[in-house]
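Here are the chains, one letter per residue:
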Amino acid sequence: MLILEIIRVAFGALLANKGRAFLTMLGIIIGVGAVIAMMAIGAGAQKAVQDRIASMGVNQLRVFADRTTIRGVTRYRSLTTDDAQALRNEMTLATAVVPDMGGQYQVKYGNKNNSVRITGTTPEYFSLRSYQLAAGRFFTNGDMSASQRVAVLGSVAAENLGIGPQDVGSTVRIGGMIFDVIGIMESKGSQGGWDNPDENIFIPITTAQYRLMGNDRINGVTVQVVAQEWMLAAQGEMERILRRERQLRPEQQNDFRFFNQQELATTFAESTKIFGLLLASIAAVSLIVGGIGIMNIMLVSVTERTREIGIRKALGARRSIILLQFLLESITLCVLGGAIGMGLGYWVAKMMASSGGWEVIVTPQSLLLAVGFSVGVGLFFGIYPASRAAKLDPIEALRYE
Amino acid sequence: MLIEMRGIEKVYKLGSERVNALRGIDLDVSEGEYVALTGPSGSGKSTLMHLIGCLDSPTAGRYLLAGSDVSSMSDAALARVRNRQIGFVFQTFNLLPRATALHNVEIPLIYGGFGTRERRRRATAALERVGLADRMKHQPNQMSGGQRQRVAVARALVTDPSILLADEPTGNLDTATGNSILELFAQLHASGQTIVLVTHEADVAAHARRHIVLRDGKIESDDANKKESAG
Ligand SMILES: Nc1ncnc2c1ncn2[C@@H]1O[C@H](COP(=O)(O)OP(=O)(O)OP(=O)(O)O)[C@@H](O)[C@H]1O
Ligand SMILES: [Mg+2]
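This is a predicted model, so every value here is computed, not measured.

## Comments concerning the overall build of chain B
When helices and strands are tallied, chain B shows eight helices and ten strands. Dimensions of chain B, computed from C-alpha atoms along their principal axes, come out at roughly 45 × 40 × 40 Å. The 231 residues of chain B split such that 51% are buried. In the structure as shown, chain B presents an accessible area of about 10100 Å², 46% of it carried by carbon and sulfur atoms.

## Points about the site of ligand 1
In the vicinity of ligand 1 lie 15 residues, with S41(B), G42(B), K45(B), S46(B) and T47(B) positioned nearest. Near ligand 1, the surrounding residues belong to chains A and B. Residue G44(B) places a main-chain N or O atom 3.0 Å away from an oxygen atom belonging to ligand 1. Interatomic distance of 2.7 Å between a side-chain N/O atom of S46(B) and an oxygen atom of ligand 1. Contact with the protein chains hides 69% of the accessible area of ligand 1, taken as 630 Å² for the molecule alone.

## Here's the deal with the pairing of strand 10 (residues 218-222) of chain B
All names here are of chain B. As paired strands, strand 9 (residues 210-215) and strand 10 are joined by four bridges and run antiparallel to one another. Across the sheet, R215 pairs through a bridge with K218, a residue of strand 10. The turn joining strand 9 and strand 10, which pair antiparallel and follow one another in sequence, is formed by two residues; a positive phi near 50° is taken by D216.

## Digging into the domain arrangement of chain A
When cut into domains, chain A gives domain 1 (2-52 + 265-399) and domain 2 (67-254). Taken over C-alpha atoms, the centre of domain 1 of chain A sits 55 Å from the centre of domain 2 of chain A.

## Remarks on the nonpolar core
Among the nonpolar cores identified, the biggest contains 68 residues, and I3(B), M5(B), L48(B), I52(B), Y63(B), L65(B) and I163(B) are the most heavily contacted of them. Other than its neighbours up to four places away in sequence, I163(B) contacts L2(B), I3(B), I52(B), L65(B), Q85(B), I86(B), G87(B), Q193(B), T194(B) and V196(B). Formed by 46 residues, the second largest nonpolar core is a distinct cluster that contains V107(A), Y109(A), F179(A) and M231(A).

## Concerning the packing of aromatic side chains
All names here are of chain A. If you walk through the whole model with that rule in mind, you get ten aromatic pairs over all chains. Ring geometry for Y125 versus Y131: centroids 6.0 Å apart, planes at 70°, classification edge-to-face. On the basis of relative accessibility, which here comes to 5%, the residue Y125 falls in the buried class. Plain terms: the ring middles of F126 and F139 are 5.2 Å apart, the flat faces sit at 70° to each other, and that makes the pair edge-to-face. Here F126, found in helix 4 (residues 124-128), pairs with F139, found in the loop between strand 7 (133-136) and helix 5 (141-145); they are 13 residues apart in sequence, far enough to count as distant. Residue F126 shares its accessibility class with F139, and that shared class is buried. Members of the aromatic cluster, connected to one another through ring pairs, are Y125, F126, Y131, F138, F139 and F202.

## A few points about the pattern of salt bridges
Under the definition given, this model contains 28 salt bridges over all chains. Residues participating in the shared-partner salt-bridge network are E5(A), R8(A), R305(A), E308(A), R312(A) and E329(A).

## Some details on the sheet that holds strand 1 (residues 3-14) of chain B
Residue and element names in this part refer to chain B. An order of 2-1-4-5 is seen for the four strands of this open sheet, with the pairing classed as antiparallel. At either margin of the open sheet sits one strand with a lone partner, and together these are strand 2 (17-29) and strand 5 (68-69). Across five bridges, the pairing between strand 1 and strand 4 (residues 60-65) is antiparallel. Note on strand 4: the bridge partner recorded for M5 is Y63. Most of the contacts of helix 1 (residues 45-52) go to strand 1, to which it runs at about 120°, and overall it touches strand 1, strand 2 and strand 4.

## Concerning the packing of helix 9 (residues 261-304) of chain A against helix 12 (residues 364-391) of chain A
All names here are of chain A. Orientation of helix 9 relative to helix 12, taken along the N-to-C sense of each, is 30°, at an axis distance of 9 Å. As the angle between them shows, helix 9 and helix 12 are arranged roughly parallel. Considering the relative orientation of helix 9 and helix 12, their crossing is right-handed. Contact residues: L287, I288, G291, I292, M295, M298, L299 and V302 in helix 9; F373, V377, F381, Y384, P385, R388 and A389 in helix 12. Its residues assigned to classes, the contact of helix 9 with helix 12 comprises 13 nonpolar, one polar and one charged.

## What about the interface of chain B and chain A?
Contact with chain B, which involves 25 residues of that partner, is made by 23 residues of chain A. Of the roughly 2200 Å² buried between chain B and chain A, counting both surfaces, carbon and sulfur atoms make up 60%. Our enumeration of links across chain B and chain A arrives at one salt bridge. Between R319(A) and D75(B) there is a salt bridge; the shortest N-O distance is 3.6 Å. For the pair chain B and chain A, the interface holds eight residue pairs in polar contact (both at pLDDT 80 or more). Among the secondary structure elements, those contributing two or more residues to the side of chain B that touches chain A are helix 2 (75-84), helix 3 (101-111) and helix 4 (116-129) of chain B. Taken together, the residues that form the side of chain B that touches chain A break down as twelve nonpolar, seven polar and six charged.

## Topic: the sheet that holds strand 8 (residues 194-198) of chain B
Residue and element names in this part refer to chain B. What the six strands build is an open sheet, ordered 6-7-8-3-9-10; its pairing is mixed. Two strands close off the open sheet at either side, each with one partner strand: strand 6 (86-89) and strand 10. The sheet shows a mean angle of 20° between the axes of neighbouring strands, taken without regard to direction. Note: strand 7 (residues 163-167) against strand 8, five bridges, orientation parallel. Pairing of L164 across the sheet is with I195, part of strand 8. Its contacts with the sheet put helix 6 (residues 175-190) on strand 3 (34-38), strand 7 and strand 8, and the angle it makes with strand 8 is roughly 150°.

## Focus on the pairing of strand 6 (residues 112-121) of chain A
All names here are of chain A. Judged from the ten bridges that link them, strand 5 (residues 94-109) and strand 6 form a sheet pairing that is antiparallel. When the bridges of strand 6 are listed, G102 appears paired with T119. Pairing geometry for strand 6 and strand 11 (residues 200-204), over five bridges, is parallel. Along strand 11, the bridge assignment pairs G120 with I203.

## Brief notes about a nonpolar patch on the surface
Residues and elements named next belong to chain A. A surface patch of nonpolar side chains, about 530 Å² in accessible area, is lined by I3, L4, I7, F11, L15 and L324. In terms of residues, the nonpolar patch owes the most to one element, helix 1 (residues 2-16), which gives five residues. Among the secondary structure elements, I7 is positioned in helix 1. You can call I7 partly exposed: its relative accessible area is 33%.

## Focus: the environment of D75(B)
Locating D75(B) in the fold gives a position in helix 2. Look at D75(B) and you get partly exposed, because its relative accessible area is 22%. As a C-alpha pair, D75(B) and L27(B) span 48 residues in sequence and 24 Å in three-dimensional space. Discounting chain neighbours no more than four positions away, the residues touching D75(B) are R318(A) and R319(A).

Calculation notes
- Residues numbered from 1 in each chain as written.
- Chains lettered and ligands numbered in written order.
- Predicted model: local features only at pLDDT ≥ 70, side-chain atom pairs only at ≥ 80, totals over all residues.
- Heavy atoms only, no water.
- Helix = DSSP H or I, 4+ residues; strand = E, 2+ residues; numbered from the N terminus.
- Buried < 20%, exposed > 50% of the residue type's maximum accessible area, 1.4 Å probe, protein only.
- Areas by Shrake-Rupley, 256 points an atom, 1.4 Å probe, with all protein chains shown as cover.
- Near = heavy atom within 4 Å.
- Polar contact = N/O pair within 3.5 Å; in protein donor to acceptor, adjacent residues only side chain to side chain.
- Pairing = 2+ DSSP bridges.
- Domains from an automatic or database assignment.
- Core = buried A, V, L, I, M, F, W, Y, C linked by side-chain atoms within 4.5 Å.
- Contact = heavy atoms within 4.5 Å.
- Phe/Tyr/Trp six-rings, centres within 6.5 Å; stacked < 30°, edge-to-face > 60°.
- Salt bridge = Lys/Arg side-chain N within 4 Å of Asp/Glu carboxyl O.
- Axes fitted to C-alpha atoms, helices over the stretch in contact; angles between N-to-C directions.
- Parallel < 35°, antiparallel > 145°, perpendicular 65-115°, else oblique.
- Left-handed = near helix turned anticlockwise from the far one by under 90°.
- Nonpolar A, V, L, I, M, F, W, Y, C, P; charged D, E, K, R; others polar.
- Buried area = accessible area lost by both parts, 1.4 Å probe.
- Patch = residues over 30% accessible without salt bridge, like charges linked within 9 Å, V, L, I, M, F, W, Y side chains within 5 Å.

Next comes the structure, spelled out in structure tokens:
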């Protein structure tokens, strides 16, 4: 009964000053809105990165050449097909050793003449990255040992050249050399900016080495390890083989670098932490500013209603009732602001998502967090004005003009 | 004895200045009395009323209300006393401006913990008693001064308080309207209500059975004994 009256009075007071209440809530609205929007975007980004990590299998390891500096001289030496061959021959913990090499070449088909990235690799490459065919076939070990001039086209590369599924079997000119189009891949989507398989044309690595590119420099080697537990051991094995193959003296640093999913996950966890910190500071600042605004307006409200407080006390209201009265008012302000902020944040996130091609995920936790924060801010910044109201002396409050 | 005051003093401190508003008040009021408190402006009438009504506490002295010592009470206990025992009518009405007459009268019942239905019933009865059955849904600014004061009286009476305290209840009203309020008081007194009333005007005081005159924070005269010997 009493609580109903308290709620009634709190809402009555807010409704009597709608404009003021709204302006007061603005800080909380923006604060909570920012939190929701950023959390939604953050969760979306997290998912995108996780998808990318997942696209490189859990038990895959990639090695590529790295710069080394010896007495102030920076040196860069590519990995070679021989390095890859050594790995393939000697590794005990690998189920697949897949080198790849690449270059940008002019590709002609009909009247089309495009510059396309050509990747030379082995047949395992396709299964390693779980690429799918839309038409035709992938090249085989036979194609590779015979250095056949066969090409598998990424969906975008094919489209740009005007090549459709029905054109499998026709020929294209790559760097002036005639290749048979044996397959077209299904669209895969960007695997993270620099590496979009859809825009590539794939050929056997031997063809690339001996016929097209005329060198043995490879981009890197992807290794499939027997099991996840053996990742570290496999990395050690590779290091030993490569150091010997590349004739590094004991005092020399590795001139190659490993890249694995765990490393990516660690980098990601670090950036997530920074993002979270940023988010938390924005939330903290805006909620504190919003909270101070609420405290300010509640103090005004207490002063304005001093006489009313006096009347209520004269009629038998206890301190706790007056306290609750004003606390409820400030909490209502915050929660209402928080609710509007949630809506706003969700909307902003949606807008950014639709314009950025980004997925947006609003988690129940973020909503709960927003509500919790709103109530917390209402309580924290409402308690001082409310206790001032509660402590008012009845007769002094009644005398207040 | 309903009110028992011994050696009550009230000192207001204004910076370094001290105002002795009440200087040793001894006062007994028994149930069913109708007391008029008069005296020149600044003699301490309002101060005394606030003390009786537990809206303020004395600087020194003892005050027993219905046998219990008010000075040792907690805030919650004092709130209960204000709610159950005291009905206060102010010169300036002190109604809540945004609430209807009915709601204004219901407020003490809300704090008294009454249920909705009982509250409605009692508030309606109190408003009917002061002749405002047709103004229940009106807000204070839609009513005349006399009507507002009736709402205030209804509010003071709705909890069946032991004492009705009225500080110049007719001070802001014209004579005719004031008289109707006083008539209401007379009826209440006739039905056994204890009333203490502060007034400037002799004809208002004449309504009461007992007259106390304050001067400079002291009781100058009290005709309680005279009445007893006459009656
Ligand atoms: N809050 C206060 N602070 C300081 N002095 C006060 C306060 N309230 C009253 N006084 C002083 O106490 C004395 C008694 O005041 P009180 O209001 O009780 O007089 P009163 O008899 O009710 O006068 P009136 O007939 O004009 O209403 C006066 O001298 C007044 O100035
Ligand atoms: Mg006075």
